[in-house]
Amino acid sequence: MKADIVVIGGGASGLAAAMAAKETAPGASVLIAEKLPRTGKKLIATGNGKCNLSNNSLGKRNFHGSIDAMSIISRTPDWHELFDEKLGVACVTGSEGREGGVYPRSNSSTTVLNALRLRLSSLGVIEQCECEITEIKSSNGGFTLVYYGGEIVCRKVIIAAGGYAAPSFGTDGGMLRIIKNMGIKSEKICPAVAPLRVSPDRLKGLKGVRIKGEIAAFSDGRELRREKGEIQFNENNVSGICVFNLAYLFQQYEGRLTLRADLAPDMTTDELGAYFHRLRSDRCGFTAEELLSGFFVKNLAVWLIRNVLGKSPSEPIDSINDKDIEHLCRAVKSLELEVTGCSPWQNAQSTMGGISANQVTDSLESVKYGGMYFCGEILDVAGDCGGYNLQWAWSSGIWAGKNAALSLKGGNNGKGR
Ligand SMILES: Cc1cc2nc3c(=O)[nH]c(=O)nc-3n(C[C@H](O)[C@H](O)[C@H](O)COP(=O)(O)OP(=O)(O)OC[C@H]3O[C@@H](n4cnc5c(N)ncnc54)[C@H](O)[C@@H]3O)c2cc1C
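Residues numbered from 1 in each chain as written. Predicted model: local features only at pLDDT ≥ 70, side-chain atom pairs only at ≥ 80, totals over all residues. Heavy atoms only, no water.

Take the packing of helix α1 (residues 12–24) against helix α5 (residues 109–123) next. Viewed as axis vectors pointing N to C, α1 and α5 meet at an angle of 30°, and their least axial separation amounts to 10 Å. In terms of orientation, α1 and α5 fall into the roughly parallel class. α5 is crossed by α1, and the crossing has left-handed handedness. Of α5, the residues touching α1 (which contributes Leu15, Ala18, Met19, Lys22 and Glu23) are Leu113, Leu116, Arg119, Leu120 and Leu123. Grouping the amino acids of the contact of α1 with α5 by side-chain chemistry returns 7 nonpolar, no polar and 3 charged. (Axes fitted to C-alpha atoms, helices over the stretch in contact; angles between N-to-C directions. Helix = DSSP H or I, 4+ residues; strand = E, 2+ residues; numbered from the N terminus. Parallel < 35°, antiparallel > 145°, perpendicular 65-115°, else oblique. Left-handed = near helix turned anticlockwise from the far one by under 90°. Contact = heavy atoms within 4.5 Å. Nonpolar A, V, L, I, M, F, W, Y, C, P; charged D, E, K, R; others polar.)

Here it is as structure tokens:
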């Protein structure tokens, strides 16, 4: 097989890259090599099948890693130009209770995938599925891509093969290993947009508790980031979007990361103290648990009495003294949870780490191999939960595709630098 440009990986960024490449160089042949039986499998699963495809509020704060994602996003079409205007996918914002989140009006991710595939087929982009690239050889001013059963020769290659997150969608980090063996450096990886592990002993009794609050990540006493939202307690981890948005910090602060949850962010410690003092006098003759059972769900009320005060929930409420109330208030406002690990890749939605900023040029071309481009999650960019990762996939794909196509007219095809 031969093509001018081959895109490895038919996910969000690969589809966008192929589209931009063919639009920029209509006379060039563009082929997508996808390992799975069909393209866009992960895209279909995004946003619980509804595809949170971008966000109305995009800023540096929402992207992590060595690459300046916003500088590329700002140079590519926004979601309205890309989806509403070019692809004919009507979009709405703020549905699903997600402030700023952009979704297809149809509420279905298949609308997004179908529109992209329709555009690709009308442009004449070839999709080659069940084609896993296992080796990339730089040769004769271009590249030879090896797959089981054959080779594809191309002038430019765009690597859009994703990271490690959610391996059931074809992304097990295999391509990052191939790239590493070619001498291209990548940053340390860890799951992003994922739960964080906490010792099961600490969480015993809290499984299933969900509470609206605030959660902050600390390292060596320094607050790194604070998020608002629903905190979910599970058997061996904490989750919820607010926690997902802290997971990327594990890469840098492994072994030194602590979470502090504020379970009543709408009240000050003093207000909380006054409230519990009043309840204690009003509920004379009640049990200790009943000090908290009108404020928190039962499991959390029981857990606090047992773990913070070391008391049995059935002890009389009078056994709770002023010092105990002080302890309770402190715990409610700043419940400390030591992070013991990150979640398995199958529970992650994105990858923190990947190909470093110093390995690519401003056009996302490899510094080491001219004619090789990268886009999407394989690069060292991890976005927050809320449409940021897909926005990065679209923008980096379009940017890499456009630049690869422009370079067909000249440049140092495939030559080491
Ligand atoms: C369950 C879930 C829900 C999500 N929801 C959202 C959301 O609502 N909004 C949001 O912004 N982000 C969401 N994300 C994150 C987002 O889907 C990814 O960040 C994005 O898809 C990354 O795009 P990509 O093109 O870089 O990689 P991918 O979409 O992962 O695509 C990579 C493709 O490359 C193929 N491939 C891998 N290796 C090879 C090889 N050697 N040869 C050929 N092909 C190969 C894979 O099979 C895959 O199809 C979600 C992720 C998950 C897992």
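The subject of this paragraph is the nonpolar core. The biggest cluster of nonpolar side chains holds 137 residues, and the ones touching the most others in it are Ile136 and Trp394. Per element, the largest residue contribution to this core is 10 residues, and it comes from helix α13 (residues 388–406). Taken together, domain 1 (2–191 + 347–409) and domain 2 (195–342) each give at least three residues to this core, which thus spans both. (Core = buried A, V, L, I, M, F, W, Y, C linked by side-chain atoms within 4.5 Å. Buried < 20%, exposed > 50% of the residue type's maximum accessible area, 1.4 Å probe, protein only. Domains from an automatic or database assignment.)

Right, let's get into the sheet that holds strand β14 (residues 222–233). The sheet built from 6 strands closes into a barrel, its strands ordered β12-β15-β14-β13-β16-β17 with antiparallel pairing. Sheet twist, expressed as the average angle between the axes of neighbouring strands with direction ignored, equals 50°. Relative to strand β17 (residues 335–342), strand β16 (residues 258–262) runs antiparallel, the two sharing 4 bridges. Counterpart to Leu259 in the pairing with β17 is Leu337. Packed on one face of the sheet, helix α12 (residues 322–333) meets β16 and β17 and runs near 110° to β16. (Pairing = 2+ DSSP bridges.)

Lining the immediate surroundings of the ligand are 33 residues, of which Ser13, Glu34, Lys42, Glu377 and Leu390 lie closest. Contact distances for the ligand include 2.9 Å between an oxygen atom and a backbone N or O atom of Gly47. Asn52 places a polar main-chain atom, nitrogen or oxygen, 2.9 Å from a nitrogen atom of the ligand. Relative to its unbound accessible surface of 1,000 Å², the ligand loses 93% to contact with the protein. (Near = heavy atom within 4 Å. Polar contact = N/O pair within 3.5 Å; in protein donor to acceptor, adjacent residues only side chain to side chain. Areas by Shrake-Rupley, 256 points an atom, 1.4 Å probe, with all protein chains shown as cover.)

Below, the discussion takes up the environment of Val360. If you trace the backbone, Val360 turns up in the loop between β18 (350–355) and β19 (372–374). With a relative accessible area of 10%, Val360 lands in the buried category. In the structure, Val360 is positioned 11 residues away from Gln349 in sequence and 24 Å away in space, judged by C-alpha atoms. Contact partners of Val360, with chain neighbours within four places excluded, come to Ile67, Ile355, Glu365, Ser366, Val367, Phe374 and Leu379.

Here 3 strands make up an open sheet; going across it, the order is β3-β6-β5 and the pairing antiparallel. Of all strands in the sheet, those bounded by a partner on one side alone are β3 (54–55) and β5 (91–93). Taken together, the 3 bridges between β5 and strand β6 (residues 101–104) define a ladder with antiparallel strand orientation. Looking across to β6, one finds that Val92 is bridged to Tyr103.

Now for the pattern of salt bridges. Applying the stated criterion across every chain, the model contains 25 salt bridges. The residue Arg226 makes a salt bridge to Glu214 at a minimum N-O spacing of 3.1 Å. Of the two residues, Arg226 is situated in strand β14 and Glu214 in strand β13 (residues 210–219); the sequence distance between them amounts to 12 residues. A salt bridge links Arg225 to Glu227, with the shortest nitrogen-to-oxygen separation between them at 3.2 Å. For Arg225, a relative accessible area of 6% corresponds to the buried category. Residue Glu227 is classed as buried on the basis of its relative accessible area, which comes to 11%. Through salt bridges with shared partners, a single ionic network connects Arg61, Arg225, Glu227 and Asp384. (Salt bridge = Lys/Arg side-chain N within 4 Å of Asp/Glu carboxyl O.)

Averaged over every residue, the pLDDT of the chain is 95; the share at 70 or more is 97%. The model gives residues 411–417 a pLDDT under 50, and that stretch makes 26 contacts with residues more than four places away or in other chains. (pLDDT = per-residue confidence, 0-100.)

With that settled, the discussion passes to empty space enclosed by the protein. The final tally for this structure, using the stated rule, is 1 cavity of 30 Å³ or more. What lines the largest cavity is simply His64, Ala192, Val193, Phe244, Asn245, Tyr248, Ala382, Gly383 and Asp384. Residue classes in the lining of the largest cavity are distributed as 5 nonpolar, 3 polar and 1 charged. Structurally, the lining of the largest cavity is a two-domain feature, drawing no fewer than three residues from each of domain 1 (2–191 + 347–409) and domain 2 (195–342). (1 Å grid on protein atoms, 1.4 Å probe; cavity = no way out; pocket = protein on both sides within 12 Å on 5 of 7 lines; lining within 4 Å. Points joined across faces, edges and corners; volume = space filled by probe spheres on them.)

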